[in-house]
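# A structural walkthrough
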Amino acid sequence: MPIDCVLFCDTGIEFPAMYDHIDRVEENTGIKITRVKSEYSFEYLMLEHNIACRNGATKIGFSWAGVRMRWCTSRLKDEPREKFLRPLRKEYDVVEYVGIAADEQFRLERKRNQSENHVHPLVDWGMTERDCLNFCNERGYDWDSLYGHFKRVSCWCCPLQSLEELRQLYRHFPDLWAKLKEWDKRTWRNFRADFSVEQLEKRFDFEDERIRLGLPIHNKAFFAEMRKRIETE
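Attention in this report is confined to the structure presented alongside it.

Quick notes on the rules
- Residues numbered from 1 in each chain as written.
- Predicted model: local features only at pLDDT ≥ 70, side-chain atom pairs only at ≥ 80, totals over all residues.
- Heavy atoms only, no water.
- Helix = DSSP H or I, 4+ residues; strand = E, 2+ residues; numbered from the N terminus.
- Buried < 20%, exposed > 50% of the residue type's maximum accessible area, 1.4 Å probe, protein only.
- Contact = heavy atoms within 4.5 Å.
- Areas by Shrake-Rupley, 256 points an atom, 1.4 Å probe, with all protein chains shown as cover.
- Lys, Arg positive; Asp, Glu negative; His and termini not counted.
- Charge placed at Lys NZ, Arg CZ, Asp CG, Glu CD.
- Core = buried A, V, L, I, M, F, W, Y, C linked by side-chain atoms within 4.5 Å.
- Axes fitted to C-alpha atoms, helices over the stretch in contact; angles between N-to-C directions.
- Parallel < 35°, antiparallel > 145°, perpendicular 65-115°, else oblique.
- Nonpolar A, V, L, I, M, F, W, Y, C, P; charged D, E, K, R; others polar.
- 1 Å grid on protein atoms, 1.4 Å probe; cavity = no way out; pocket = protein on both sides within 12 Å on 5 of 7 lines; lining within 4 Å.
- Points joined across faces, edges and corners; volume = space filled by probe spheres on them.
- Phe/Tyr/Trp six-rings, centres within 6.5 Å; stacked < 30°, edge-to-face > 60°.
- Lys NZ or Arg CZ within 6 Å of the ring centre and 35° of its normal.
- Salt bridge = Lys/Arg side-chain N within 4 Å of Asp/Glu carboxyl O.

### A word on the overall build of the protein
Looking only at helices and strands, the protein has 10 helices and 6 strands in total. When the backbone C-alpha atoms are referred to their principal axes, the protein occupies close to 65 × 55 × 35 Å. Among the 233 residues that make up the protein, the fraction classed as buried is 37%. Within the protein, residue pairs in contact and separated by at least 24 positions form 54% of the contacts whose partners lie at least 6 positions apart. Counting only carbon and sulfur atoms, one obtains 50% of the accessible surface of the protein, whose full area is about 14800 Å². Here the protein carries 39 positive and 41 negative side-chain charges, and the mean point of each set is 6 Å from the other.

### Some thoughts on the environment of Cys155
Following the sequence through the fold, Cys155 ends up in the loop between helix H6 (146–149) and helix H7 (163–172). For the pair Cys155 and Met18, spaced 137 residues apart in sequence, the C-alpha separation works out to 9.9 Å. With residues near it in sequence (within four places) discarded, Cys155 still touches Thr11, Ile13, Glu14 and Gln161.

### A closer look at the nonpolar core
For soluble globular proteins, the rule of thumb is that nonpolar side chains tend to be buried together. Residues Phe15, Phe42, Trp156, Leu169, Trp177, Leu180 and Trp183 are the most contacted members of the largest nonpolar core, which totals 44 residues. Counting residues per element, the ones that place at least two in this core are helix H1 (16–29), helix H2 (42–47), helix H3 (71–91), H7, helix H8 (174–186), helix H9 (197–212) and helix H10 (220–232). Ignoring any residue separated from it by four or fewer positions in sequence, one finds Phe15 in contact with Leu146, Phe150, Val153, Ser154, Trp156, Leu169, Phe173 and Leu176.

### Focus on the packing of H7 against H8
Where H7 contacts H8, the axes come no closer than 6 Å and their chain directions differ by 110°. Classified by the interaxial angle, the pair formed by H7 and H8 is roughly perpendicular. In contact with Leu166, Leu169, Tyr170 and His172 of H7, H8 contributes Pro174, Leu176, Trp177 and Leu180. Each residue belonging to the contact of H7 with H8 can be placed in one class, and the counts come to 7 nonpolar, 1 polar and no charged.

### As for the layout of surface pockets
By volume, the second largest pocket is sized at about 180 Å³. Forming the boundary of the second largest pocket are Lys37, Ser38, Glu39, Tyr40, Leu45, Arg75, Glu79, Pro80 and Lys83. The element that contributes the greatest number of residues to the lining of the second largest pocket is H3, accounting for 4 residues. When grouped by side-chain class, the residues that make up the lining of the second largest pocket number 3 nonpolar, 1 polar and 5 charged.

### Let's talk about the packing of aromatic side chains
For the coordinates displayed, the defined rule picks out 16 aromatic pairs. Between the aromatic rings of Trp156 and Trp183, the centroid separation amounts to 5.5 Å while the plane-to-plane angle is 20°, which identifies the pairing as stacked. Here Trp183 lies in helix H8 and Trp156 lies in the loop between H6 and H7, a separation of 27 residues in the sequence. No difference in accessibility class separates Trp156 from Trp183, as the two residues are buried. Ring pairs connect the aromatic residues Phe42, Phe62, Trp71, Trp156 and Trp183, which therefore count as one cluster. Looking at Arg139, its charged tip hangs above the ring of Phe135, at a distance of 3.5 Å from the centre.

### A word on the pattern of salt bridges
Counting across every chain of the model gives 25 salt bridges. Close ionic contact of Glu82 with Arg81 constitutes a salt bridge, the shortest N to O distance being 3.3 Å. Classification of Glu82 as partly exposed rests on a relative accessible area of 22%. Note that Lys179 is salt-bridged to Glu182, the shortest N-O span being 3.2 Å. Within this pair, Lys179 and its partner Glu182 are both found in helix H8, separated by 3 residues, close to a single helical turn. Here the salt bridges do not stand alone but share partners, grouping Glu164, Arg167, Arg171, Arg203, Glu207 and Asp208 into one network.

Quick look at the structure:
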């Protein structure tokens, strides 16, 4: 499988361990990893960028991404990647190897993954996400135990993470959580439809308190008391 370029789209909001991992891969394999990045930071686009609305008004910052508006993917990944590849496509027939695993073939149904110049070697080889993780672990790559905390590792501040992943972020990455809370207070859209970051923190603290007392955290009494605490504190 010929490889001319390994491309890393740096969002600027990857876990620190992910940057260390990429450096190690580059050092151990001798393969130069090409890093591309948006000219604007995530923080600027989220909190400061002027956005013209259809009604003529202006919003300050894109705020948190949502299911229907993943601006961060387009601005921090898609656009820098295409800016890099566009001139190459004028000279070469560019073939892109896309790392979709064999157990996530549903992603192949998306239009963006149906390009005739996209190749999906993991699907062709029948390698699942677990197979890939084991392959890396056997060669000494452990991402500083990130996969011990998270099922999937993406941008650490993603509001589309599960509650369990956000619990892990709160409990094990306090510096990142503090930044998350700061950003949430500075923007106009709630982090999640059901909770702000500060409310999530109160929920997780209450869960820990209940667990220490041997009380359940998924019954009606828990949710009623949790809501009361969030609304009154």
